[in-house]
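Here is what each chain is made of, one letter per residue.
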Amino acid sequence: MRTSDQVFIGILFGLGWIVWPGTLIWGWVQFLMKPKQRDLMSILSLMGFLLASASALLAVSSVIYAHAVNGFEFYDPRLLRIFRAGFLISLAGIVFGIGGVWRKNTLRWQSPTAAAASLAFWLGMASAE
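Heads up: these notes are all about the structure in this document. Everything quoted here is computed from the prediction, not taken from an experiment. (Residues numbered from 1 in each chain as written. Predicted model: local features only at pLDDT ≥ 70, side-chain atom pairs only at ≥ 80, totals over all residues. Heavy atoms only, no water.)

### What to know about the packing of aromatic side chains
Two descriptors summarise a pair of aromatic rings, namely the distance from one centre to the other and the angle between the planes of the rings. The full count for this structure, using the stated rule, is seven aromatic pairs. Summarising the aromatic geometry, the rings of Trp-20 and Phe-121 are spaced 5.0 Å apart at their centres and angled 45° between planes, so their arrangement reads as tilted. With Trp-20 in helix H1 (residues 3-33) and Phe-121 in helix H4 (residues 110-128), this residue pair connects regions lying 101 residues apart in the sequence. On the basis of an interplanar angle of 80° and a centroid distance of 5.1 Å, the ring pair of Phe-121 and Trp-122 is categorised as edge-to-face. (Phe/Tyr/Trp six-rings, centres within 6.5 Å; stacked < 30°, edge-to-face > 60°. Helix = DSSP H or I, 4+ residues; strand = E, 2+ residues; numbered from the N terminus.)

### Some details on the packing of H1 against H4
Running from N to C, H1 and H4 point in directions that differ by 145°, and their axes come no closer than 7 Å. Relative to H4, H1 is oriented so that their crossing is left-handed. By residue class, the composition of the contact of H1 with H4 is 17 nonpolar, nine polar and no charged. (Axes fitted to C-alpha atoms, helices over the stretch in contact; angles between N-to-C directions. Left-handed = near helix turned anticlockwise from the far one by under 90°. Nonpolar A, V, L, I, M, F, W, Y, C, P; charged D, E, K, R; others polar.)

### With respect to the nonpolar core
In this structure, Trp-20, Leu-24, Ala-114 and Trp-122 are the most contacted members of the largest nonpolar core, which totals 19 residues. For this core, the secondary-structure elements that each account for two or more residues are H1, helix H2 (40-68), helix H3 (77-99) and H4. The greatest single-element share of this core, amounting to six residues, is contributed by H4. Not counting chain neighbours up to four residues away, the residues in contact with Leu-24 comprise Phe-49, Ala-52, Ser-53, Ala-56 and Ala-114. (Core = buried A, V, L, I, M, F, W, Y, C linked by side-chain atoms within 4.5 Å. Buried < 20%, exposed > 50% of the residue type's maximum accessible area, 1.4 Å probe, protein only. Contact = heavy atoms within 4.5 Å.)

Here you go:
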């Protein structure tokens, strides 16, 4: 494997394993502690953040499932469906998150950042397969 490929995969794993959980925790704390807004931009940010959180829930539940069934085989169709679902959920989260950055709200930057980090996680996991 070339050095540039290793650096790229390292960046994806760093985003997926460090930035993503940190952004999710920071976003949930911000969302629970600050007053809520009820305009279109804040709802879009919330939707993007919820999709990034759903992607995290899919990642955790797939790890639990893998341990319950003694792992996945190489190119297991179930695992590939999980990767596809995580990828699509993350893309939708990015779209909603970007839609919410145009006005100041509680999850303005956490939403697209968490969704992009979740996309990096799924890309890194799929490239490791």
